[in-house]
Structure formats: C-alpha cells, structure tokens
Amino acid sequence: MEKRIGTITILIRDREAATSVNRLLSEHADIILCRQGLPFHDRPVAVISLIVEGSVDSINALTGMLGRVQGVECKAVVTKNS
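Residues numbered from 1 in each chain as written. Predicted model: local features only at pLDDT ≥ 70, side-chain atom pairs only at ≥ 80, totals over all residues. Heavy atoms only, no water.

Focus: the sheet that holds strand β3 (residues 45–54)
Strands pair in a sheet through their backbones, by hydrogen bonds, and they do so in one of two ways: parallel or antiparallel.
Part 1 of the argument: An order of β2-β3-β1-β4 is seen for the four strands of this open sheet, with the pairing classed as antiparallel. Unpaired on one side and paired on the other, β2 (32–40) and β4 (72–78) mark the two borders of the sheet. Between one strand axis and the next, the sheet turns by 15° as a mean value, whatever way the strands run.
Part 2 of the argument: Summarising the sheet, strand β1 (residues 4–12) and β3 pair through nine bridges and their orientation is antiparallel. The residue of β3 that forms the bridge with I5 is E53.
Part 3 of the argument: Set on the sheet, helix α2 (residues 56–67) makes contact with β1, β3 and β4; between it and β4 the angle comes to about 165°. (Pairing = 2+ DSSP bridges. Helix = DSSP H or I, 4+ residues; strand = E, 2+ residues; numbered from the N terminus. Axes fitted to C-alpha atoms, helices over the stretch in contact; angles between N-to-C directions. Contact = heavy atoms within 4.5 Å.)

Observations concerning the environment of T63
Part 1 of the argument: Along the chain, T63 turns up in helix α2.
Part 2 of the argument: Considering only alpha carbons, one finds T63 and K75, twelve residues apart in sequence, at a separation of 6.8 Å.
Part 3 of the argument: If sequence neighbours within four positions are ignored, T63 has contacts with I8, C74, K75 and A76.

Here it is in structure tokens:
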C-alpha cells in the first residue's frame, strides 16, 4: 500500500488521558517520524503534534483510536495521492 506523509494534532483536555495516548503512540511508533508536545501548565489542555508516514489506513486507524479516548480530540491531514 502507498505511503503518505501527514500530520496528526492531538488536544488532550483530561490529563489522565495522557497514559492512554502515550500507549497508543508507542504501539504505532513505526509510522511516527516526529513528535512535539506542549503542555500548558496554566490551562487545562496539552497539545501533541505528530508528523507521520504510512498508509492512509494506518494513519486513519491511529487517529480513530486517539479520537475514541475520553478527553482527547484529534485531527489528521494527509498528502494527496500523487
């Protein structure tokens, strides 16, 4: 299956969800090229941005699993088919 480059932005509104998010990211480490996290200590939110490379199915699978975690929102943007 063709690999694509994309980004996933994750907003964590419940700090207790961080454990589940980190577990999912570890399980999908093979498609993650870069990870950047920004905890806001004065607000109830943390942001993680990922650069990923994988099939559309694998990127969407990770995004879907993250989106099902309580207290987490995420969106993915993937390059178009060339």
